[in-house]
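Here is how the chains run, residue by residue.
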Amino acid sequence: MTRQSTISRRTVVAGLAGLGALGASAALAQGTAARPVTVRLGYQKSSTLIALLKVQGTLEKQLAPLNATLSWHEFTSGLPLLEALNLDNLDISADVADTVPVFAQAAGADLTFVAQEAPSPAAQAILVREDSPLKSVADLKGKKIGFAKAAGAHYLLIAALEKAGLSFKDIDPAYLTPADGRAAFERGAIDAWVVWDPFLAAAQRQAKVRVLADGTGIASYQRYYLASTRFAKARSDVLRVVYAELEKTGRWVKQNPKEAAALLSPVWGLDAATIEQANARRSYAVRPVLAEALAEQQRIADAFFAEKLLPRKINALDVALFQPSLKSS
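Fair warning: this is a prediction, and the values are worked out from it, not measured in the lab.

A.B. asks: I'd like a description of the overall build of the protein chain, backed by residues and values.
C.D. replies: On a plain count of helices and strands, the protein chain comes out with 13 helices and 12 strands. In the protein chain, once contacts between residues fewer than 6 apart in sequence are set aside, the share between residues at least 24 apart is 82%. When the accessible surface of the protein chain is totalled, it reaches about 13500 Å², and 54% of it is carbon and sulfur.

Here is the structure:
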């Protein structure tokens, strides 16, 4: 047995749910329709793979044989997305930064980790205006910094400050959505802005900015796809299809960067060159979530708790892990 077998009773649920999926597949093979379901899927602007599946109608086609339809729900950032998942207003969450599930767990969410995108540390950064007197992260002491609460950018800031010998208490935080952060940054209401792609690439191409630091060497920036454990138990056949399409689409984006950017341009309202720049910094390598891979989740949780930004200490391993490769014997 691996370490995975010891982490939580709920982790086993993912495997049991997988057996249910096999039963559903067998029923379909025999011509028996699965129970009809409307899958409520939440996403945000940076949910690249889900955005491509949405614009192409791929998921709808693949889920139709399972008697499943989709309803789409857009959010400004990851935290409100997972809050909706926790409140049972969603069934599946598109990718959110590694920090976001930590806050959801602290709020008591019953989460199943469906998939993980491999690290993309350069896909988020701390920006200052080109003419700013700030030359290093150490210069952020006493400055007003804008970022989205619980986003990957939030942890990047904490990690960068720690590396520079500072703490979160040394700066003046401004919790802002990406759109509000961009506006505040451009009018000089904040001294620095911490943000992720494609907002990062858009700022770099459309405004005069400098990067003080990105996540290289300090914050891996792994993005996670999640589901409510209730839904994972009931319809892991749906999760298996979603996982397969995400994996396939991730490979396609990296192999066809220009075509992907052209498809996303009208959806995101950004020019294709900006999107291609942003996508080049994301791995889009979709893979199963293993217990060993959650070690950084624990470091993130501990860092937020140490800064008194989490209401309680959490165990990052106290989640269910979906097993997309489970096969029948």
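A.B. asks: Outline unusual backbone geometry, supporting the account with residue identities and numerical values.
C.D. replies: Of note, the amide linkage connecting Asp197 to Pro198 takes the cis form, showing an omega dihedral of 10 degrees. Summarising the element assignment, Pro198 is placed in the loop between strand 8 (192-196) and helix 8 (199-206). Positive phi, normally seen in glycine, also occurs at Asn67, with a value near 65 degrees. Position of Asn67 relative to the elements: it lies in the loop between helix 3 (58-63) and strand 2 (68-75). Among the residues examined, Asn67 registers a relative accessible area of 32% and is labelled partly exposed. The phi dihedral of Asp88 falls on the positive side, at around 65 degrees, and the residue is not glycine. Looking at the element boundaries, Asp88 is found in the loop between helix 4 (78-86) and strand 3 (92-97).

A.B. asks: Outline the packing of helix 10 (residues 236-255) against helix 11 (residues 257-268), listing residues and values.
C.D. replies: For the pair helix 10 and helix 11, interaxial distance at closest approach is 5 Å and the crossing angle is 110 degrees. Relative to helix 11, the element helix 10 is oriented roughly perpendicular. Contacts from Trp252, Val253, Lys254 and Gln255 of helix 10 reach helix 11 at Pro257, Glu259, Ala260 and Leu263.

A.B. asks: Go over the nonpolar core with me, naming the residues and quoting the values.
C.D. replies: Residues Phe113, Ile126, Leu140 and Leu157 are the most contacted members of the largest nonpolar core, which totals 74 residues. Of all the elements, helix 6 (residues 152-163) adds the most residues to this core, at eight residues. In this structure Leu157 touches Ile126, Leu140, Ile145, Phe147, Phe168, Ile171 and Val194, once residues within four positions along its chain are discounted. Listed in part, the 39 residues of the second largest apolar core include Leu49, Ala51, Leu59 and Leu270.

A.B. asks: For the side chain of Arg235, give the residues involved together with the corresponding values.
C.D. replies: In this structure, Arg235 sits in the loop between helix 9 (229-234) and helix 10. Engagement of the side chain of Arg235 in a polar contact is seen with the backbone oxygen of Arg35, the distance being 2.6 Å. At 2.9 Å, the side chain of Arg235 and the side chain of Asp237 are in polar contact.

A.B. asks: Which residues make up empty space enclosed by the protein, and what are the values?
C.D. replies: Taken as a whole and judged by the stated rule, the model has two cavities of 30 Å³ or more. Its volume calculated, the largest cavity comes out at about 60 Å³. If you trace the largest cavity, you find it lined by Gln44, Ser77, Gly78, Ala97, Val100, Ala151, Gly152, Trp196, Tyr221 and Arg223. Taken as a whole, the second largest cavity spans an internal volume of roughly 50 Å³. Elements with a minimum of two residues in the lining of the second largest cavity: strand 3, strand 10 (223-228) and helix 10. Considering every element that reaches the lining of the second largest cavity, the biggest residue donor is strand 3, with three residues. A per-class count over the lining of the second largest cavity returns nine nonpolar, one polar and no charged.

What counts, and at which threshold
Residues numbered from 1 in each chain as written. Predicted model: local features only at pLDDT ≥ 70, side-chain atom pairs only at ≥ 80, totals over all residues. Heavy atoms only, no water. Helix = DSSP H or I, 4+ residues; strand = E, 2+ residues; numbered from the N terminus. Contact = heavy atoms within 4.5 Å. Areas by Shrake-Rupley, 256 points an atom, 1.4 Å probe, with all protein chains shown as cover. Buried < 20%, exposed > 50% of the residue type's maximum accessible area, 1.4 Å probe, protein only. Axes fitted to C-alpha atoms, helices over the stretch in contact; angles between N-to-C directions. Parallel < 35°, antiparallel > 145°, perpendicular 65-115°, else oblique. Core = buried A, V, L, I, M, F, W, Y, C linked by side-chain atoms within 4.5 Å. Polar contact = N/O pair within 3.5 Å; in protein donor to acceptor, adjacent residues only side chain to side chain. 1 Å grid on protein atoms, 1.4 Å probe; cavity = no way out; pocket = protein on both sides within 12 Å on 5 of 7 lines; lining within 4 Å. Points joined across faces, edges and corners; volume = space filled by probe spheres on them. Nonpolar A, V, L, I, M, F, W, Y, C, P; charged D, E, K, R; others polar.

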